[in-house]
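The chain contents come next:
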Amino acid sequence: SLLASHLLGRTKKWNASNINAGCWAASALNKSLNTRLYNAMPTQIRELMKKVIVHSSVGNMSSELSSSDCYITIPALIEVDSTQTNEPYNSEGKAISYLVTNTSRKRAFDNGDYATYWLRSPNVGYANYIWRVDENGAVQGITNATGNLGVLIEISF
């Protein structure tokens, strides 16, 4: 898969309502990436893109997993922080070997400003928080689903 080097040009909300129930599969951000952004891609690029199954907690304080078919996704908590080995995070994907430090996780907009970006993992300790990576590259699990954060896209070819 291909992980973007920069954040999308606009921040996005995870959901219009402040809940993490329904997980990545039901999130407004997933729907936006896999309809609006996907349809905006040139046909030649879309024909190369591969639909993959991604997993995340169903949210609402549950460690049960759900799956979602996506052309475009964002990293899961385990992909950016290999120390998150408890359920359900260890079942959401595999650690990305080059995202092991705060510095390597930092991402900026095209103008060079580092920003906080979403992960696709709901925080299973809460009913409304989503995991994120902050502008310094630290992983945090205390962002409300209605926040406007950066988006780091991941595409499979």
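Calculation notes
Residues numbered from 1 in each chain as written. Predicted model: local features only at pLDDT ≥ 70, side-chain atom pairs only at ≥ 80, totals over all residues. Heavy atoms only, no water. Helix = DSSP H or I, 4+ residues; strand = E, 2+ residues; numbered from the N terminus. Rg over C-alpha atoms; globule rule 2.2 N^0.38 Å. Buried < 20%, exposed > 50% of the residue type's maximum accessible area, 1.4 Å probe, protein only. Contact = heavy atoms within 4.5 Å. Areas by Shrake-Rupley, 256 points an atom, 1.4 Å probe, with all protein chains shown as cover. Lys, Arg positive; Asp, Glu negative; His and termini not counted. Charge placed at Lys NZ, Arg CZ, Asp CG, Glu CD. Pairing = 2+ DSSP bridges. Axes fitted to C-alpha atoms, helices over the stretch in contact; angles between N-to-C directions.

(A) Main features of the overall build of the protein chain. When you go through the protein chain residue by residue, the secondary structure sums to five helices and ten strands. Computed over C-alpha atoms, the radius of gyration of the protein chain comes to 14 Å, within 12% of the 15 Å expected from 2.2 N^0.38 for 157 residues, which places it in the range of a compact globule. The principal-axis extents of the C-alpha atoms in the protein chain amount to approximately 40 × 30 × 30 Å. Within the protein chain, buried positions represent 47% of all 157 residues. Contacts in the protein chain between residues far apart in sequence, at least 24 positions, make up 64% of those at least 6 positions apart. For the protein chain, the accessible area works out to roughly 7600 Å², and carbon and sulfur atoms hold 49% of it. Computed over 14 positive and 12 negative side-chain charges, the separation of the two mean positions in the protein chain equals 6 Å.

(B) Structural detail: the sheet that holds strand S6 (residues 117–122). Across the sheet, three strands lie side by side as S6-S7-S8; this open sheet has antiparallel pairing. At either margin of the open sheet sits one strand with a lone partner, and together these are S6 and strand S8 (139–144). Geometrically, the sheet is characterised by an average inter-axis angle of 45° between neighbouring strands, direction not taken into account. By the bridge criterion, four bridges tie strand S7 (residues 129–133) to S8 in an arrangement that is antiparallel. Its bridge partner lying in S8, Tyr129 is registered against Asn144.

(C) Highlighting the sheet that holds strand S10 (residues 154–155). Spatially, S1-S10-S5 is the arrangement adopted by the three strands of the open sheet, whose pairing is antiparallel. Here the strands that pair on one side only, and so sit at the sheet edges, are strand S1 (2–3) and strand S5 (72–73). Taken together, the two bridges between S5 and S10 define a ladder with antiparallel strand orientation. Within the sheet, the bridge partner assigned to Ile72 lies in S10 and is Ile155.

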